Amino acid sequence: KDIPQLVELVNAQYARKKTPAYFTWQFFDPYYPTICMGAFDRDTLVGMFGLQRRMLTNGTAIGHLIDLLVDPRWRGKGIFSELANQSLGYFKDLRAFSVLPNGYGKTACERLGFRTIAKIDDLVLIKKKYLEPKEIPTLPIPSLAYVANDAYRVWRFEKNPTYRYETVQDNVMKIFTDPVTGEKFGDIVEYQKNPIPAVDSFFDRNIDQVSTWALPHSPFFPFLQQTGFASLPRERYFCIKILEQKLDSLYDITHWRLVPADAELY
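Along each chain, numbering runs from 1 in the same order as the chain's sequence is written. pLDDT decides what is reported in this predicted model: residues at 70 or higher carry local features, side-chain atom pairs at 80 or more are listed and counted, and totals for whole chains, interfaces and linings draw on all residues regardless. No hydrogens and no water enter the side-chain calculation; it runs on all heavy atoms of the structure.

## Some thoughts on the overall build of the protein
Under the scheme used here, helices are H or I runs from DSSP no shorter than 4 residues and strands are E runs no shorter than 2 residues, and both carry numbers assigned from the N terminus. Scanning the protein from N- to C-terminus turns up 7 helices and 12 strands. Radius of gyration: over C-alpha atoms. The globule rule applied is 2.2 Å multiplied by the number of residues raised to the 0.38 power. Its C-alpha radius of gyration of 19 Å places the protein within 12% of the 18 Å reference for a compact globule of 266 residues. Each residue is placed in one exposure class: buried if its accessible area under a 1.4 Å probe, protein chains only, is under 20% of its type's maximum, exposed if it is over 50%, and partly exposed if it falls in between. Counting only residues that meet the buried cut, the protein has 50% of its 266 residues in that class. We call two residues in contact when some of their heavy atoms are within 4.5 Å. Counted over contacts in the protein with a minimum sequence separation of 6, partners at least 24 positions apart contribute 69%. When the accessible surface of the protein is split by element, carbon and sulfur atoms take 50% of a total near 13,500 Å². The centroid of the 33 positive side-chain charges in the protein is displaced by 2 Å from the centroid of its 31 negative side-chain charges. Residue exposure ignores everything except the shown protein chains as possible cover, and the areas themselves are Shrake-Rupley values with a 1.4 Å probe. Counting rule for charge: Lys and Arg are taken as positive, Asp and Glu as negative, and neither His nor the chain ends is counted. By convention, charge coordinates are those of NZ in Lys, CZ in Arg, CG in Asp, or CD in Glu.

Dropping the structure here:
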């Protein structure tokens, strides 16, 4: 019964609109154990705070924050902090927390003790600047990542109610239409070793702009730059909070591999 209010709260703030089906999929039919905490003024929803229990490839149980939002009229009153207090202790085995927020969320999470360890810009390729690569990176790829098995991929991509995804040689991709400009982008939301087949597939269908991620320490970063990808600044950050000192290595971004599919936005 609260889903219509979740839709209204989010869609009042963002150009990318959410549907009731998104919230059903994300919070009522999730792959990850997931909670959503709401703040109400009597019967009116004024804030929400989502939390997923994910696993890292090093065996650490980590809480990942999603869909964080407080109605602008209610900000600055401690609601976000109280939502966090109610949510972060829900799963008892968590040893760290992560979040991929925008600028506002970054500031709010830093007040909760999170440390911002990266700013993540898009890498965008325009067809006329494409240079076909001569060889694929063979350097070691950072291994610290969120666990992504077959069951996760069925939920994340096949059951996703917002976008239709397709797979080309281990690259998961989708077409995104900007709700403001109407421009169409090809998004490579997950890739393993070679994202170029996805690029070629988009270009073959007259999608002339392709977007993905690659962190600067990754061997894919210079590789994609050499093929014509250029950084497009975004207000997107990666923030971590650890609960045990022995997990200090999580604060080192060079250990991490992140892909756009790690964020609910994609």
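This is not the end of the story, as more comes after the structure.
## Brief notes about the packing of helix H1 (residues 3-11) against helix H2 (residues 20-28)
Contact pair H1 / H2: the axes reach a minimum separation of 9 Å and the direction vectors enclose 110 degrees. Relative to H2, the element H1 is oriented roughly perpendicular. Between H1 and H2 lies a crossing of right-handed hand. Contact with H1, carried on its side by Ile3, Leu6, Val7 and Val10, involves Pro20, Phe23, Thr24 and Phe28 of H2 and no other residues of that element. Axis definition: a line fit to C-alpha positions, over the contact stretch in the case of helices; interaxial angles, taken between N-to-C directions, run 0 to 180 degrees. Roughly parallel here means an angle under 35 degrees, roughly antiparallel means over 145, roughly perpendicular means 65 to 115, and every remaining angle is called oblique. Left-handed describes a crossing whose near helix is turned anticlockwise from the far helix by less than a right angle; the clockwise case is right-handed.

## A look at the pairing of strand E8 (residues 171-177)
Of all 7 residues in E8, 5 are buried, a share of seventy percent or more. Whether two strands pair comes down to DSSP finding at least two bridges between them. Here strand E7 (residues 166-168) runs beside E8; their pairing, made up of 3 bridges, is antiparallel. Looking across to E8, one finds that Thr167 is bridged to Val172. The antiparallel pairing of E7 with E8 creates a hairpin that spans 2 residues between the two strands, and Gln169 there sits at a positive phi of about 50 degrees. Taken together, the 6 bridges between E8 and strand E9 (residues 184-190) define a ladder with antiparallel strand orientation. From the neighbouring strand, Thr177 faces E9, where its bridge partner is Lys184.

## Concerning the layout of surface pockets
What the largest pocket holds in volume is close to 1,400 Å³. Along the wall of the largest pocket there are 47 residues; nearest its centre are Tyr14, Leu68, Pro101, Asn102 and Gly103. Where the lining of the largest pocket is concerned, the elements lending two or more residues are strand E3 (61-70), helix H3 (79-87), helix H4 (103-110), strand E6 (122-126) and E9. In terms of residue count, the dominant contributor to the lining of the largest pocket is E3 (6 residues). For this classification, Asp, Glu, Lys and Arg are treated as charged, while Ala, Val, Leu, Ile, Met, Phe, Trp, Tyr, Cys and Pro are nonpolar and the rest, including Gly, are polar. A breakdown of the residues in the lining of the largest pocket according to their chemical character gives 25 nonpolar, 9 polar and 13 charged. Counted as a void, the second largest pocket has a volume near 390 Å³. A pocket, in this scheme, is an open set of points on a 1 Å grid over the protein atoms alone with protein on both sides within 12 Å along at least 5 of 7 lines, while a cavity is a set where a 1.4 Å probe fits but cannot get out; residues line either one if an atom lies within 4 Å of a point. Grid points are joined across faces, edges and corners, and a volume is the space filled by probe spheres set on the points.

## Quick notes on the sheet that holds strand E2 (residues 44-55)
If you walk across this open sheet you meet the 6 strands as E1-E2-E3-E4-E12-E5, and the pairing is mixed. The open sheet has two edge strands with one neighbour each: strand E1 (34-41) and strand E5 (115-119). Strand-to-strand twist in this sheet, taken as the mean axis angle between neighbours without regard to direction, amounts to 25 degrees. Pairing analysis gives 4 bridges linking E3 to strand E4 (residues 96-99), with the strands arranged parallel. Paired with His64 across the two strands is Ser98, which belongs to E4.

## Some thoughts on the packing of aromatic side chains
Geometry of aromatic contacts follows a simple scheme: Phe, Tyr and Trp rings, the Trp one being its six-membered ring, pair when their centres are within 6.5 Å, and the pair is stacked under 30 degrees between planes, edge-to-face over 60, tilted otherwise. Enumeration according to the criterion identifies 20 aromatic pairs in this entry. Measuring from ring centre to ring centre gives 6.1 Å for Tyr32 and Trp155, while their planes differ by 75 degrees; the resulting arrangement is edge-to-face. Residue Tyr32 is found in the loop between H2 and E1, and its partner Trp155 is found in helix H5 (residues 150-158); the two are separated by 123 residues along the sequence. With respect to class, Tyr32 is no different from Trp155; both count as buried. On the basis of an interplanar angle of 90 degrees and a centroid distance of 5.7 Å, the ring pair of Trp213 and Tyr266 is categorised as edge-to-face. You can see Trp213 sitting in the loop between strand E10 (209-212) and helix H7 (220-226) and its partner Tyr266 sitting in the segment after strand E12 (237-242), a full 53 residues away along the chain. Trp213 sits in the buried class, given a relative accessible area of 1%. Look at Tyr266 and you get buried, because its relative accessible area is 5%. In textbook terms, an aromatic cluster arises when at least three aromatic residues are bridged by ring pairs, as seen for Tyr22, Phe23, Trp25, Phe27, Tyr31, Tyr32, Tyr152, Trp155, Phe157, Tyr163, Tyr165 and Phe176. By the criterion adopted, a ring carries a charge over it if an Arg CZ or a Lys NZ lies within 6 Å of its centre and within 35 degrees of its normal. It is Lys18 that lies over the ring of Tyr22; its NZ or CZ is 3.9 Å from the centre.

So far we have only geometry, and geometry alone does not tell us how the molecule works.
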